[in-house]
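Spelled out, the chains give:
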Amino acid sequence: MKPRVHETEPAGTDDTPAPISRIGPNAITRLGEAVEARLGRSAGRELFLRAGLVRYLMNPPSDMVDEREVIALHAALRASYPPEIARELSWQAGLLTGDYLLANRIPRLAQVVLKILPRSWASRVLTRAIARHAWTFVGSGTFRVVSAMPLRLEIAGSPLCRDGLSATPLCDYYAGTFTRVFERLVDRRWRIIETQCGAQGSGTCVFEVEQRYGS
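Residues numbered from 1 in each chain as written. Predicted model: local features only at pLDDT ≥ 70, side-chain atom pairs only at ≥ 80, totals over all residues. Heavy atoms only, no water.

Participant: I tried to follow the packing of helix α1 (residues 26-39) against helix α4 (residues 67-80) on my own but got confused; where do I start?
Facilitator: Each pair of packed helices can be described by the angle between their axes along with the distance between the axes. Axis separation between α1 and α4 bottoms out at 9 Å; the angle between their running directions is 20 degrees. Judged by the angle between their axes, α1 and α4 are roughly parallel. As α1 packs across α4, the resulting crossing turns out to be left-handed. On α4, the residues touching A27, I28, L31 and V35 of α1 are E69, V70, L73, H74 and L77. Considered class by class, the residues forming the contact of α1 with α4 number 7 nonpolar, 1 polar and 1 charged. (Axes fitted to C-alpha atoms, helices over the stretch in contact; angles between N-to-C directions. Helix = DSSP H or I, 4+ residues; strand = E, 2+ residues; numbered from the N terminus. Parallel < 35°, antiparallel > 145°, perpendicular 65-115°, else oblique. Left-handed = near helix turned anticlockwise from the far one by under 90°. Contact = heavy atoms within 4.5 Å. Nonpolar A, V, L, I, M, F, W, Y, C, P; charged D, E, K, R; others polar.)

Dropping the structure here:
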């Protein structure tokens, strides 16, 4: 894992450079894959055009990207489709991201160990690991593990719902990603849902195990 690098850019009228917050490329590439799989290549192109990111169709990002690009793409998704479709596509992108992490980022030995540990231990180990790498997916937001058992994760200032206003949660991408890794490594019955979203006026997004799956 490369150390986090703080980059800067001109802040406009101020000579003081403003920090650029970055997020892993999966938040862009997996959403494109989810849209194309569900609605076709033309829909994916239209989405990236709307977000001003068409260049990524030919050259998908492989390094950390400016969080503003992630914000723009997910906002364009919500502006392009009815809420239920946008949320499903975001969820599917999260699942694809979880698959990528399991295949490329979480060591095989660690996965084997987590699967044989008691559920409470596995949840604690996995939440600690997620917290250590939170900088790769929350950008300028703040991630916090409130509890491993019962599971409760929080993201304050989530970039996915930045400047959004909604009666329902909007960060299904995170929920899908958490679901995939926890269901594969902790308990296959677990589905992680967003029970509170910053777009609902709270400022903090909360993720918990869905009630019907138990804890």
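Participant: What is the right way to read the nonpolar core from this model?
Facilitator: Generally speaking, soluble globular proteins have nonpolar side chains that are buried together. By size, the foremost hydrophobic cluster in this structure holds 54 residues, and its most contacted members are F137, F143, Y174, F178, F182 and F207. Elements with a minimum of two residues in this core: α1, α2 (41-51), α4, α5 (83-104), α7 (119-132), β6 (151-156), α8 (172-185) and β8 (204-209). Element by element, the count of residues in this core is highest for α8, at 7 residues. Filtering out sequence-adjacent residues up to four positions away, F137 remains in contact with I23, I130, F143, I155, Y174 and F178. (Core = buried A, V, L, I, M, F, W, Y, C linked by side-chain atoms within 4.5 Å. Buried < 20%, exposed > 50% of the residue type's maximum accessible area, 1.4 Å probe, protein only.)

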